[in-house]
Amino acid sequence: MIGAWDNSTRGLDASTALEFVQALRLGTDIARLTTIVSIYQAGEQLYDLFDKVCVIAEGRMAYFGPANAARQYFIDMGYEPHNRQTTADFLLAVTDPNGRKIRSGFEGTVPRTAEQMAAHFHASQLGNLNRQAIEEYRSLHVGNPDRKASYRQSALMEHSRHAPKSNSYTISIPMQIRAVMVRRVQIIRGDITAQVVQLLAQIFQGIIMGTVFLKLPDATSGYFSRGGILFFALFFGAISAMAEIPALFAQRPIVLRHHKAAMYYPFIEALAHTVVDIPITFTIQAVFCVILYFLVGLQRTASQFFIFFLVVFTMTTVMKAFFRLIAASFKDESGATSMAGISVLLVSLYTGYTIPRPSIPGGLRWITYLNPLRYGFESVLTNEFHTLNGTCSTIVPQGPGYENVSLANQVCTTVGSIPGMTTVDGNRFVNLSYGYSYSNLWRNYGIIIVFGVGFITLLLIAAEYNTSSAFDHAVTLFKKGRRWSELVDTPADEEKPSQATNATRGTGTSAKVSVEKSATNDVFTWQHIQYTVHVSDGERRLLDDVSGYVAPGKLTALMGESGAGKTTLLNVLAQRVNVGVVSGDRFVNGHPLPADFQAQTGYCQQTDTHLPQTTVREALLFSARLRQPESVPSVELEAYVDKCLVMCGLENYADAIVGTLGVEHRKRTTIGVELAAKPKLLLFLDEPTSGLDSQSSWAIMTFLRELADNGQAILCTIHQPSAELFQVFDRLLLLRKGGQTVYFGDIGDQSSILLDYFERNGASPCNADANPAEYMLDTIGAGATATTSTDWHSIWMKSQEAVELQEQIERIHSDGRARPTVVTERHSEFATSWIHQAVTLTKRNFQAYWRNPTYLIAKMLLNIVGGLLVGFTFFRSPNTVQGTQNKLFAIFMATILCVPLSQQLQSVYINIRSIYEVRERPSRMYNWTALVTSQILVEIPWNIFCSSLFFVCWYWTVGYSTDRAGYTYLLYGITFPLYYTTIAQAIASMAPSAVIASLLFSTLFSFVVIFNGVLQPFRVLGWWRWMYRVSPFTYLIEGLLGQAIGGQLVNCASGELVTVNPPSGLNCSRYMDPFISFAGGYITNPDATAGCLYCPYRTTDEFMFNNFNIEYSHHWRNLGIVLGVVAFNVFAIFALTYLFRVPKGNLFKRRR
């Protein structure tokens, strides 16, 4: 078995890293494994555990052979190790022109290039031995049938009994499914919030919808509403499934990693997710259906209820599989969300509710056969109406003057009525209105099952084959027009660096630029710092009585085993914690911290958090423009940023896109961003060398050394420093688990002071060739399994050094208090004005959007395709009753498009906010209100542009009048994007993640859209009429429809005319005119004496007002109200951000 470990010790302290490699060594020996490890900053003890070492220089093999012979090999070649340089660091240094040291007398003969080193090794004795070993191995193993059979048998034995022997997976598919299902249950338990939100959303919607359609009458007046509630019961489950798309993309890298490790097939994750979700969906839909069904008062028979529940549950499961299929088929979230939005539009348009199937243009009718929701809607509709025989609510003519008219001279206007009957059979109504039949119920359910099986099958195929290609290979991208090769100078000789590493060993200086001398003499001190947080079983103390100081010109290391509290202390000192209780004192020169302490310090986080779309130069310029005084000229800022780029070795990567950088250059960018702010008091760094090789670590640490030598105070946590890297530091604060101090003081030349302290207090002597950093961690019992019988914290507390530390801190306080207080340079919280912040942020965000073409193209395609789809579905709708209703639903469906558009922008909004919360807010770069303002401003132009594209594709295609286009564009093309942008961002402002934001938006959208009078006419809203007044969609729909079709004549189609027979001796005009005078409508044959053809509406105003309470004259009022709602939404964005995302209060409590 071969084990490959790529930099697996990253982030571990030296002792824990040693224990990890010792475990690999033990496993290799016992199980006779082949273990290959790439490792950075390996200590000597760790290096000695390896049998062989391979040294790579620019892709060529400079050495491969025994690990214990490598050092001497390169010494004989002509290189010399630096003082106390570990073998691993020495081997890396010889491949770096900036890091190697040539022995005296070898200057003209030593191989310098990668080609020369490879040729030298090839010709060396070790090279010959390596080739001989390879040939011996081949002769013994390659082509040996016995060995081959033995290996094959060994490999087969590792497979489970039922696992296919021909692939790399060691367990069978059923075993994989079981294991991944258990893991999926654990994930759901760990993120129970999403499930609770989903359940509450369904309960909320069930109650709202149930009370809106409360106790529907069995009469024909409730027929339209029954269709609406049944459609909604299916449709809400469908759009709720869209909320899973962000979560599916978030988990994809994990699935890919597991796939590459041959843990399970990627399709297993999709299958397990589907199976585990079935009982959850069943429970949630059961609650929803029970609430909705009995509040509405649908048919009270057991069979009809359970058929309704079965169809709704199955339909929701099928649509979840469909949206998961979409997510699995795309490589980016924006594209998947756009496709999901178009799909929602398709399934809602072609279900048969918004536009009955007979009214769909013939060329598009085939889409209904591909829509699973259509079969679900037919099933629940025919199931409900099968036993319904409703009393006619509207008989023509009736009212004053018609009291004694016989039923023979009246007719029911409801579709499906039969002359002479006062009731309408539900089966006949459904058949004539929708073309549906109860006999198709179980056929339709079978079709839904087929759709479900098909979607799940395609999902499994897409998950299997698209996951592995979901991520591009790591390539550093540069701003358009610039390439790395154009930016790098051609080396004049082999010693000139071709990479961005300028620091040379021994000098501690940069080869290209000098660091500006710091003028500060301020000393930062902390005394008796304690930090306690609440946990499930009480309280836990993470820091316990920690004291120390950081002086200008000194580089102080903060070390300890993993979990000792190093990063925690750094965060506490930098005022970056907002939970728990902190006690103790923190001073600058003995005075309380200035109000702008965070602004006068820099903090380089362990995680390199940057906006991925910016270039390195732009990231540094952004920091400089917002964290340096606004009075500094732009030319000076740019010159200083260029200087920082050179100092950080990033000049060749100045135009590289940050999101595509490697680990080292991202770390350099993080440091550069903080340096660009010119921190005056202190620079905090959290593990700046984590994940870097020794040469990159050396380059960064010598750069920090140079900063310190020029007066900068630096406090830096560090893991696994080599002996020579450890010597770069002046002082050390060493912590053990529990956040307790073990040592604070000078390190001394060759670590003499530090070693003397430990040896004086009972530690074994440190060997001359040992790494003092590893020695002290071993001594205090650091590591996952290491222990010590000595209580080094107690020794420290009783030591003379601890007493002297407190005395030194008090002297610093006394000297500092004799001097003036550290001036608060910023009397406001930020260095620049709010306007400057907003302008700079808006410019950055526009730039980021422009460099995210996937998002913008997805947004545009969604609007274009949506506009054409709605437009041609309702193509050239005539001025008939059905045509007028089609124009209404064309507008209603146009507003549905805001759901996927909002979910798209919410994800981007939250991603940008996360960068602010993690890095930019603690650095006091800008006010959160400026960020929110910029995010609103950058979205609106794009959304207006995209809505304009929709308008052009949609308006004239449906057949609206050209002379009404101006107002409609103003309301839909400009005002509507303002509305959905601001409401989506308002919801995202209080949501912790894109998944929760999507769920909340879907719920709220369903809530407000139900009260606009389309799904449930205003006249039957009852108690909920107040919500009709509150819903912004009421005014949006009224404004759009009233303006688009108001004041026009209605000409009933032949199938819409009602036939009425007048009494003997009367013609149609004399018989119907009194009724028409108060009820409206017209007759087409006024002089006829039989078969009067009556149309219930003469004008569109009658149709709109009688059915939907829409008035043409309200169009300007509606525009004003929608703009008022937009203003309220903007206020809500700021208010909700403040309430949910802005930390309140000060958790720091001083203790004297």
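Residues numbered from 1 in each chain as written. Predicted model: local features only at pLDDT ≥ 70, side-chain atom pairs only at ≥ 80, totals over all residues. Heavy atoms only, no water.

**Considering the overall build of the protein**
Line of reasoning, step 1. Secondary structure assignment for the protein yields 40 helices and 22 strands.
Line of reasoning, step 2. The dimensions of the protein, computed from C-alpha atoms along their principal axes, are 130 × 85 × 60 Å.
Line of reasoning, step 3. The buried share of the protein, reckoned over its 1152 residues, is 57%.
Line of reasoning, step 4. In the protein, of all internal contacts separated by at least 6 residues, the share reaching a separation of at least 24 is 76%. (Helix = DSSP H or I, 4+ residues; strand = E, 2+ residues; numbered from the N terminus. Buried < 20%, exposed > 50% of the residue type's maximum accessible area, 1.4 Å probe, protein only. Contact = heavy atoms within 4.5 Å.)

**Some remarks on the packing of aromatic side chains**
Line of reasoning, step 1. The tally for this structure, following the rule as stated, stands at 86 aromatic pairs.
Line of reasoning, step 2. Considering the side-chain rings of tyrosine 955 and tyrosine 960, the 5.2 Å spacing of their centres and the 35° angle between planes classify their relative orientation as tilted. Each member of the pair, tyrosine 955 as well as tyrosine 960, carries the same accessibility label: buried.
Line of reasoning, step 3. A cation sits over an aromatic face here: lysine 678 above tyrosine 640, 4.6 Å from the ring centre.
Line of reasoning, step 4. The residue whose ring lies beneath arginine 844 is phenylalanine 622, and the NZ or CZ to ring-centre distance is 4.2 Å. (Phe/Tyr/Trp six-rings, centres within 6.5 Å; stacked < 30°, edge-to-face > 60°. Lys NZ or Arg CZ within 6 Å of the ring centre and 35° of its normal.)

**With respect to the domain arrangement of the protein**
Line of reasoning, step 1. Domains assigned within the protein are domain 1 (2-158), domain 2 (173-390 + 435-466), domain 3 (524-760 + 801-818), domain 4 (834-1048 + 1109-1142) and domain 5 (1058-1096).
Line of reasoning, step 2. Using C-alpha coordinates to define each centre, domain 2 is positioned 48 Å away from domain 5. (Domains from an automatic or database assignment.)

**Focus: helix α19 (residues 566-573)**
Line of reasoning, step 1. With 6 of its 8 residues buried, α19 lies for the most part within the structure.
Line of reasoning, step 2. Residues Lys566, Leu569, Leu570, Asn571, Val572 and Leu573 constitute the buried set of α19.
Line of reasoning, step 3. Two residues or fewer after α19 comes glutamine 575, characterised by a positive phi angle close to 60°.

**A few points about the confidence of the model for the protein**
Segments scoring low in pLDDT should not have their predicted coordinates read at a detailed level.
Line of reasoning, step 1. With 94% of its residues at a pLDDT of at least 70, the protein reaches an overall mean of 86.
Line of reasoning, step 2. At the level of individual helices and strands, the protein shows its lowest average pLDDT in strand β22 (residues 1148-1149), which scores 40, and its highest in helix α33 (residues 928-958), which scores 96.
Line of reasoning, step 3. Ignoring residues within four places in sequence, the model shows residues 506-512, a span with pLDDT below 50, making 13 contacts including any to other chains.
Line of reasoning, step 4. Every residue in residues 1145-1152 is under pLDDT 50, and counting partners more than four places away or in other chains gives 26 contacts. (pLDDT = per-residue confidence, 0-100.)

**Thoughts on the sheet that holds strand β19 (residues 1058-1060)**
Line of reasoning, step 1. One open sheet accounts for 3 strands, arranged β19-β21-β20; its pairing is antiparallel. Either end of the sheet is taken by a strand with one partner, and the two such strands are β19 and β20 (1082-1083).
Line of reasoning, step 2. Judged from the 3 bridges that link them, β19 and strand β21 (residues 1092-1095) form a sheet pairing that is antiparallel. Across the sheet, valine 1058 pairs through a bridge with tyrosine 1094, a residue of β21. (Pairing = 2+ DSSP bridges.)

**A look at unusual backbone geometry**
Line of reasoning, step 1. Here the amide bond leading from valine 396 into proline 397 is cis, since omega sits at -15°, within 30 degrees of zero.
Line of reasoning, step 2. Of note in this structure, arginine 32 is not a glycine but carries a positive phi near 55°.
Line of reasoning, step 3. Its place among the elements puts arginine 32 in the loop between α1 (14-31) and β2 (34-38).
Line of reasoning, step 4. Residue arginine 32 is classed as exposed on the basis of its relative accessible area, which comes to 73%.
Line of reasoning, step 5. A positive phi angle, close to 60°, is found at glutamine 575, a residue other than glycine.
Line of reasoning, step 6. Relative to the assigned elements, glutamine 575 resides in the loop between α19 and β12 (581-588).
Line of reasoning, step 7. Judged by its relative accessible area of 25%, glutamine 575 falls in the partly exposed class.

**Quick notes on the side chain of serine 907**
Line of reasoning, step 1. In this structure, serine 907 sits in helix α32 (residues 898-920).
Line of reasoning, step 2. By relative accessible area, which is 10% here, serine 907 ends up buried.
Line of reasoning, step 3. At a separation of 3.2 Å, a polar atom in the side chain of serine 907 contacts the side chain of glutamate 333.
Line of reasoning, step 4. Residues within four places of serine 907 in sequence aside, it is in contact with Glu333 and Ala994. (Polar contact = N/O pair within 3.5 Å; in protein donor to acceptor, adjacent residues only side chain to side chain.)

**So, a nonpolar patch on the surface**
Line of reasoning, step 1. Taken together, the side chains of Ile192, Val196 and Leu200 present a nonpolar region at the surface, about 260 Å² in accessible area.
Line of reasoning, step 2. Mapped onto the fold, isoleucine 192 is located in helix α9 (residues 192-212). (Patch = residues over 30% accessible without salt bridge, like charges linked within 9 Å, V, L, I, M, F, W, Y side chains within 5 Å. Areas by Shrake-Rupley, 256 points an atom, 1.4 Å probe, with all protein chains shown as cover. Salt bridge = Lys/Arg side-chain N within 4 Å of Asp/Glu carboxyl O.)

**As for the environment of phenylalanine 249**
Line of reasoning, step 1. Structurally, phenylalanine 249 can be placed in helix α11 (residues 245-260).
Line of reasoning, step 2. Judged by its relative accessible area of 13%, phenylalanine 249 falls in the buried class.
Line of reasoning, step 3. Spatially, the C-alpha atoms of phenylalanine 249 and alanine 327 are 7.2 Å apart, while their sequence positions differ by 78 residues.
Line of reasoning, step 4. Setting aside chain neighbours within four positions, we find phenylalanine 249 in contact with Ala327, Phe330, Lys331, Asp332, Glu333 and Ala336.

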